Amino acid sequence: MKRVLVLLVICFSLAGCTSLGQKTAKVNDRATKKVENHKPAPLPQKEEEKEEIPQAEPVPYNGPIEHIFFHPLVVYPELAFDGDTMAQGYDEWFVTVSEFNKIVESLYKRNYILIKMSDLFEEKENNGKKELVKRQLMLPAGKKPLILSVDDINYYPYMLQNGNVYKLINNKDGKIASYSKDPEGNEVISEENEIVPLLNSFTETHPDFSLNGAKGILALTGYEGVLGYRTNQPTAEGESEGAKTIIAKLKEEGWEFASHGYGHLATKTISLSTLKRDADRWKKEVEPLTGATNIYIYPFGSSVLPNDPKFKYLETLGFKIFCSVGPNAYLSYTQEYAMMDRVHIDGMALEKQRHIVDRFFDSSLVLDNERFKYKSN
C-alpha cells in the first residue's frame, strides 16, 4: 500500500506519465445499437463499371518524425474535475473525450498520418548480432508522419473513481470497446469512450490518416495488471486469458506495445539493482501477454543516456528504441539503439504550454469547458 501511495505522489510531481482514478460510465454503446435500414441494397456493379479511386503515389520522406502521447481519456468530467485531491493531477495530465476527438480532427486536417514504430526501424542479424536498421519511410505526397502512444492504459484502481473507463473488451460485434460504470452505477459498453476504439473508428472512415493500418503504441506497466485485467494477482489465469484475447485483437488492428516499466519507476533516480528487478519483472509477467517488444517508454520521461549502466541493462533485455519526453520532434539512432522524444498532450499543454502543441492543433478550439467547472476562479 505504501508503494502505491508513493507512486501516486510521484505521478503528480513529474511531467512524463501519470496514473489516476475513476468511478465510470453510462450505457451508450454505439456498437450495440442497430440501425434499421429498409431500403433495398444496391445491385453490385459489374467489374468494368466500378469506379477506380486514384491512390497517391508514395514518395520518400526524410523530414522530422513527430511523436505525441496521451493518457487514458477522461470520460466523466464530473468525477475527474470535482475538486478532490486528484483533481489537479487530472487537470494537468489528462484530456477529455471531446478534446481528443477535436485533436484528431485537427491532426487529420493538417495532413498528419499515423505510422508504426516498425515503419521506421527493423532489426537485422549481422554476424550473430542484432542491429537496428532505419527503414526508408514512404508516404503519400504532402503527408507528415506521426507516432501516437498512450501511457498507463492499465486502468489502475484509482482510475475507477476518477472518470476513466475500467477496461478494454470485445463487444458483441467483435469490436474493441471500453467497459465502465457511470456516476450512477450504470454499466457502459462503448466505442466512444477511449482512444483505442475512437482511433479505430476514425481510421476506418478516414483510411488516409493511417499508413498501412497503423494506430499507435500502448505503453504498459504491470503492477496493477494490463488493459484493466488484473494479471498481477496470484489467481490471474482468467484475467491473463482475457488480456491475451484483447491484445491479439489490438495487434490485428495495427496497435503496437511498449514497456513502461513494471512499477512505473523513474529510471534516472532509481538504483541499478532496482531497475533490474523492475525490468525483469516486466519481462516475466507482461511480455508473455504482449509478446516481445523492443520499445521502452520511460516512466515520467525519466531517461538515462546510452553510457549509463541502466541503459545498457535494458539493452540486454532486447530494448533498442527508447522514448522520453520533449517539446520538439527528436530522433537519434545508431546500429545499437534509437532515442526519441514525445510531446505530452494533456491539460498542462493545452492550458499553459500552447506553443508546444500549436503545430498540431489550436488549443483554444480544443479545450473542454467541463474541466473548468470545479475551479473557484
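The written sequence of each chain sets the order in which its residues are numbered from 1. Only residues with pLDDT of at least 70 are given local features in this predicted model, and only at 80 or more are side-chain atom pairs given and counted; all residues enter the totals for whole chains, interfaces and linings. With hydrogens and water stripped out, all remaining heavy atoms of the structure feed into the side-chain values.

Undergrad: How would you sum up the side chain of serine 178? Please name residues and give values.
TA: For serine 178, the position within the fold is in strand β9 (residues 176–181). Dropping the residues within four chain positions of it, serine 178 is found in contact with Val165, Lys167, Leu168, Ile169, Val188, Ile189, Ser190, Asn193 and Glu194. Secondary structure elements follow DSSP: runs of H or I no shorter than four residues count as helices, runs of E no shorter than two count as strands, and numbering proceeds from the N terminus. Here, residues are in contact when the closest pair of their heavy atoms is within 4.5 Å.

Undergrad: I'd love a proper account of the pairing of strand β8 (residues 167–170), names of residues and values included.
TA: Pairing of β8 with β9, which is carried by four bridges, proceeds in the antiparallel orientation. Each bridged residue has a counterpart across the sheet, and for lysine 167 the counterpart in β9 is tyrosine 179. The pairing criterion for strands is at least two bridges between them, as found by DSSP. Once β8 ends, the chain turns through five residues before running back antiparallel as β9, passing glycine 174 with a positive phi of about 80 degrees.

Undergrad: Tell me about helix α5 (residues 195–205), and name the residues and values.
TA: With eight of its eleven residues buried, α5 lies for the most part within the structure. Here's how the labels work: a residue is buried when its accessible area is under 20% of the maximum for its type, exposed when over 50%, partly exposed in between, all with a 1.4 Å probe on protein chains only. Taken together, the buried positions of α5 are Ile195, Val196, Pro197, Leu198, Leu199, Asn200, Phe202 and Thr203.

Undergrad: Could you give an account of the packing of helix α4 (residues 97–109) against α5, naming the residues involved and the relevant values?
TA: Between two packed helices, the angle of one axis relative to the other and the distance separating the axes together describe the packing. At a minimum axis distance of 11 Å, the contact between α4 and α5 shows a crossing angle of 35 degrees. In this structure, the crossing between α4 and α5 has a hand that is right-handed. Between α4 and α5, the contacting residues are Val97, Phe100, Asn101, Val104, Glu105 and Tyr108 on the first element and Ile195, Leu198, Leu199 and Phe202 on the second. In this classification, Asp, Glu, Lys and Arg are treated as charged, Ala, Val, Leu, Ile, Met, Phe, Trp, Tyr, Cys and Pro as nonpolar, and every other residue, Gly included, as polar. Partitioning the contact of α4 with α5 into residue classes produces eight nonpolar, one polar and one charged. Interaxial angle, 0 to 180 degrees, is taken between N-to-C directions of lines fitted to C-alpha atoms, where a helix line uses only the stretch in contact. Here a crossing is taken to be left-handed if its near helix is turned anticlockwise relative to the far helix by less than a right angle, and right-handed if that turn runs clockwise.

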